[in-house]
Every structure is written in structure tokens, then in C-alpha cells.
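Below, each chain spelled out in residue letters.
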Amino acid sequence: MPENTEKFGGLWVIIEQRHGKVVKVSLELLGEARALADTARSNVTAFLIGEDVAAIAEELIWQGADRVIIAEHTICRYYRTEVYTDIICAQAKKDKPEIILFGATCMGRDLAPRVSARLKTGCMSDCTKLAIDSGHLVATKPFFGRDLMTDIVCPVKRPQIATIRPGVIELTDPNRSRKGETLSYDIRLREDDIKVKVAGILNERSNNLPLEQAEKVVAGGMGVGSKEGFEMLKELAGLLGAELGATNLPVDEGWVSEEFKIGQTGKTIRPKLYIGCGVSGAIQHSAGMIGSEFIVAINKDPNADIFKLADYGILGDVNEVIPAIIKELRRQKGLA
Ligand SMILES: Cc1cc2nc3c(=O)[nH]c(=O)nc-3n(C[C@H](O)[C@H](O)[C@H](O)COP(=O)(O)OP(=O)(O)OC[C@H]3O[C@@H](n4cnc5c(N)ncnc54)[C@H](O)[C@@H]3O)c2cc1C
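No experiment lies behind these values; they were computed from the predicted model shown. Just so you know, the residues in each chain are numbered from 1, in the order the chain's sequence is written. With the structure being a predicted model, the display of local features is reserved for residues of pLDDT at least 70 and the display and counting of side-chain atom pairs for 80 or more, all residues being used for whole-chain, interface and lining totals.

How should the overall build of the protein chain be read in this particular structure?
Numbering of helices and strands runs from the N terminus; a helix is a DSSP stretch of H or I covering at least four residues, while a strand is a stretch of E covering at least two. Looking only at helices and strands, one finds nine helices and 17 strands in the protein chain. Using C-alpha atoms as the atom set, the radius of gyration is obtained and then compared with a globule rule of 2.2 Å times the number of residues to the power 0.38. On C-alpha atoms alone, the protein chain measures out to a radius of gyration of 21 Å, which is about the 20 Å that the 2.2 N^0.38 rule sets for 336 residues. Seen through its principal axes, the protein chain has C-alpha atoms that stretch 65 × 40 × 40 Å. Each of the 336 residues in the protein chain was classed as buried or not, and the buried ones make up 42%. Whether two residues are in contact is decided by their C-beta atoms, placed from the backbone, lying within 7 Å. Residue pairs at least 24 apart in sequence account for 65% of intrachain contacts in the protein chain once pairs closer than 6 positions are excluded. Buried, partly exposed and exposed are defined by the number of other C-beta atoms within 10 Å of a residue's own C-beta, namely 20 or more, between the two limits, and 12 or fewer respectively, with C-beta atoms placed from the backbone.

Help me out: how do you make sense of the sheet that holds strand E17 (residues 312-315) in this one?
Sheets are built from strands that pair by backbone hydrogen bonding, the pairs being arranged parallel or antiparallel. Across the sheet, which stays open at both edges, the five strands sit in the order E14-E13-E15-E16-E17 with parallel pairing between neighbours. If you trace the sheet from one side to the other, it starts and ends with strand E14 (243-246) and E17, each paired once. The average angle at which neighbouring strand axes cross in this sheet is 20°, direction not considered. One bridge is not enough; two strands pair if DSSP finds at least two bridges between them. As defined by bridge partners, strand E13 (residues 216-220) adjoins E14 across four bridges and the pair is classed as parallel. Bridge pairing links valine 218 to leucine 244 in E14. Along the sheet, helix H5 (residues 227-240) contacts E13, E14 and strand E15 (273-277); its crossing angle with E13, the most-contacted strand, is approximately 170°. Structural elements are reduced to axes, namely lines fitted to C-alpha atoms, with helices fitted over the stretch in contact, and the angle between N-to-C directions of any two is expressed from 0 to 180 degrees.

Looking at this structure, how should I read the site of the ligand?
Of all residues adjacent to the ligand, which total 26 residues, the nearest are Gly221, Gly223, Thr247, Gly263 and His285. For the shell around the ligand, the elements supplying multiple residues, two or more each, are helix H6 (248-253), helix H7 (283-286), strand E16 (294-299) and helix H9 (318-332). We call a residue near a molecule or strand when its C-beta atom, built from the backbone, sits within 6 Å of it.

How should unusual backbone geometry be read in this particular structure?
One can expect most non-glycine residues to show negative phi and most peptide bonds to be in trans. The residue after arginine 158, namely proline 159, is reached through a cis peptide bond having omega 0°. Positionally, proline 159 belongs in the loop between strand E10 (148-152) and strand E11 (160-164). With a phi close to 50°, arginine 41 is a non-glycine residue in the positive phi region. Relative to the assigned elements, arginine 41 resides in the loop between helix H1 (24-40) and strand E4 (44-50). Notably, serine 134 is not glycine yet its phi reads approximately 50°, a positive angle. Position of serine 134 among the secondary structure elements: in the loop between strand E8 (129-133) and strand E9 (136-143). Classification of serine 134 as exposed rests on a count of 7 C-beta atoms within 10 Å.

How do you make sense of the pairing of E11 when you look at a structure like this?
Here is the key point about a regular strand: its side chains alternate between the two faces of the sheet. Counted residue by residue, E11 has five buried out of five residues, so it is predominantly covered. Every second residue of E11 is oriented toward a common face, with Gln160, Ala162 and Ile164 on one face and Ile161 and Thr163 on the other, all of them buried. With three bridges connecting them, strand E7 (residues 123-127) and E11 associate as parallel partners. Looking at E11, one finds that methionine 124 is bridged to alanine 162.

Whenever I open this one, the domain arrangement of the protein chain confuses me. Can you help?
Here the limits of each domain have been adopted from an automatic or database domain assignment. Domain annotation of the protein chain identifies domain 1 (5-193) and domain 2 (211-331). On a C-alpha basis, the centroid separation for the pair domain 1 and domain 2 is 31 Å. Contact with domain 1, which involves 10 residues of that partner, is made by 11 residues of domain 2. We call Asp, Glu, Lys and Arg charged. Ala, Val, Leu, Ile, Met, Phe, Trp, Tyr, Cys and Pro are nonpolar, and the rest, Gly among them, are polar. Here the side of domain 1 that touches domain 2 is composed, by residue class, of five nonpolar, two polar and three charged.

Explain the environment of alanine 57 here, please?
With respect to the helices, strands and loops of the structure, alanine 57 is situated in helix H2 (residues 57-62). For alanine 57 and methionine 107, which are 50 residues apart along the polypeptide, the C-alpha to C-alpha distance reads 20 Å. Setting aside its immediate chain neighbours within four residues, alanine 57 contacts Leu48, Val68, Ile70 and Thr182.

For this particular structure, what's the right way to read the environment of threonine 172?
Considering the arrangement of structural elements, one finds threonine 172 in the loop between E11 and strand E12 (181-184). Distance in space between the C-alpha atoms of threonine 172 and leucine 29 is 9.6 Å, their sequence separation being 143 residues.

How do you make sense of the packing of helix H3 (residues 81-95) against helix H4 (residues 106-118) when you look at a structure like this?
Each packed pair of helices is defined by two parameters, the angle between the axes and the distance between the axes. Their axes nearest at 10 Å, the elements H3 and H4 cross at an angle of 50°. One finds that H3 runs oblique with respect to H4. Handedness of the H3/H4 crossing: right-handed. Listed contacts from H4 to Thr81, Tyr84, Thr85, Ile88 and Cys89 of H3 are Asp110, Leu111, Arg114, Val115 and Arg118. Taken together, the residues of the contact of H3 with H4 sort by class into five nonpolar, two polar and three charged. Between 65 and 115 degrees an angle is taken as roughly perpendicular, under 35 as roughly parallel, over 145 as roughly antiparallel, and anywhere else as oblique. Definitions for this section: a left-handed crossing has its near helix turned counterclockwise from the far helix by less than a right angle. A right-handed crossing has that turn clockwise.

In C-alpha cells:
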């Protein structure tokens, strides 16, 4: 039996926002939390942290929150583990939520285990489905790519904490007539108390959009061959209005940074168009891109697994095919 279950109640969704715009996975989670709360006759709290973010609260209520806790301060301008952990845990110790949900984004994957450890509870990470059974949150998680699925529960400790992959829960339509309350969280932290200082933010993305939200993705694998090869891919992505992605091997090689990684240990994407360049189609990579609407593969091996997933395959060397596509796109745009 869970310890002191009666003291805990309600579902929290930790909202991720960038420059005052809610990251899509947070909206997906609010819809899911609403459905779970309706089944369990519970309530949904959106926990919003940032600088000048109060204007977002209404959107969170439309998406399913009964109340929004707003923690606004210049100290929260950029995500910092220490600051966000302190704020969430201080309120969680008071409110005792039964469930806390995070997106399995870079932020959520960093923050959820910290919050779990601070609250002395478990963390069900990288889940793809949620349900409530006999009072417990049941979180489903894929193993070995997608070959095995397992259900995880946190039977004894509360709150139950989970991170959920972006794009696996369908976004519900906002209900603009929903009403809810907003509460202000009083931030007492001072900049001098925080060990980590943010010197600046470097943006590597061409369209400044999280990879998970991109409509078009040009992904490179080992077949791209070098860091310079990825510069060629960046040019193609720029011409197509796409974001750059990668398998894990180019990340390990240092050709691109971790934030571009797609797959089991990277990001889950669902773009309208995915172009895999020199990507073999290993199950750990395809676990993160299988939801793409239209898949194009460029590979010189006719037996590459990626061709089994592709709607359109180009058998050829990326060093010949991609420059030819870039040349044609530049010609069409009058840039040649
Ligand atoms: C626990 C675990 C977790 C993992 N998580 C991830 C993950 O999250 N994401 C991920 O991507 N991988 C992950 N992997 C690694 C995964 O198993 C594969 O090793 C990896 O995805 C392969 O990357 P790749 O397709 O770029 O490279 P390779 O498998 O080396 O394939 C390169 C492809 O490029 C083609 N090629 C070579 N040269 C050219 C050329 N000039 N022109 C055209 N085609 C060419 C080849 O024919 C080949 O098909 C994980 C592995 C493990 C064990």
C-alpha cells in the first residue's frame, strides 16, 4: 500500500515554455492529465515557471488545467536545474500532489529525476502511455527499441512522477470556455544563492523550433561521413525550411551536438517530412522517427533497413545526391 495516500491528491503538469510560448508536449500532457483526472475524479494543476509568463495561464486552463501556479521571476529567465527543483519541491511538499508529469524533453529528463530524489520517490522515465489502475499511475515504456513494452508503477511512494515522450499523446483541442484559477508562487531565491550562472544561449537551430515540433526534418547518419558533411545537410535543411536531426553515432563522433539526436535515447519526432541521409534505420533510431508522415531515405546500400520504412527511397551516395538536390533547390529559389 502507498504510504499516507490519503494526504496526496491531484495531478500536476510541469509546464515547459520558451520565450513565453508553451512547448507542445506540455499541452499534450495537460489534455492527458485532464482525461486521467476526470476518470479518477481528481484535479489538474499546471505549474508554470519563467519570467513574464503569466499571460500563458489562460491557454493552460483551456487545455485542461483547473488551476495554474505561476512562479515568475527574473531568476527563472533560463532553465536551471537548481532553481526549478527548489521551486517545484517547495510547493509539492505543501500541496502533496499525487502525480507529477514532465515532458521527456532535455529539461524534463534533467528535472524529473532531481525532483523525484528530493521528494524521495520514484521516477518512471521516457513513457509513451499513461493510465490509472487501482489508484496507481501505470506508465508504459518501450524497451529494446519498440520490441517490448513494459508497465511501470510506483506502488509505495508518493507523488508518482513520470516523464512522457513528446508526440506520443494526441493534442486535444483547447476549450476556450473553460475557467480556472491562477495562484502566484512567492519566489524567495536570490541570484547569489544559485551556483549555476547562465552566460548566454547559443542557438544552433535554423528555424529556432524544437526538433520535436518541426514539420520537416533532415536527419544525418554515419553515411554523411564528417562534420563538413553535416554542414551540407544544414544547407539542405535551410533551403527546405527543415530542422536538422541525427542518429547517435554522429553525436558520439562530435559532428553534431546531443540536442539533434533522434531515437530511443534521443528525441521522438513526428514531422510531415523526414529525410534520412546515410542512416541505416536501426531500431533504436527508428523508435524516434517512425511517426513521421512521409519518409525519404538516401542510402547507398539497397539492403539498408531504412528503405523498409521509406515512402520514397533514393539509392545513391549522399555526397552526390544531396549536392544535386541543393543545386536544384537553389536554382528554383533563384539563388544559383
Ligand atoms: C541502448 C542503445 C540506445 C541507442 N539509442 C539510439 C538513439 O537514440 N538514436 C540512434 O540513432 N541510435 C541509437 N542507438 C544506436 C543504434 O543502434 C545504431 O547504431 C545507430 O542508429 C546507427 O546509426 P547510423 O544509421 O547513422 O549508422 P550506421 O548503422 O553505421 O549506418 C550508416 C548508413 O549509411 C550508409 N552510408 C554509408 N556511406 C554512405 C554514403 N556515402 N551515401 C549514402 N549512404 C551511405 C550505410 O549504407 C549505412 O546504411 C542506440 C543503441 C543502443 C545499444
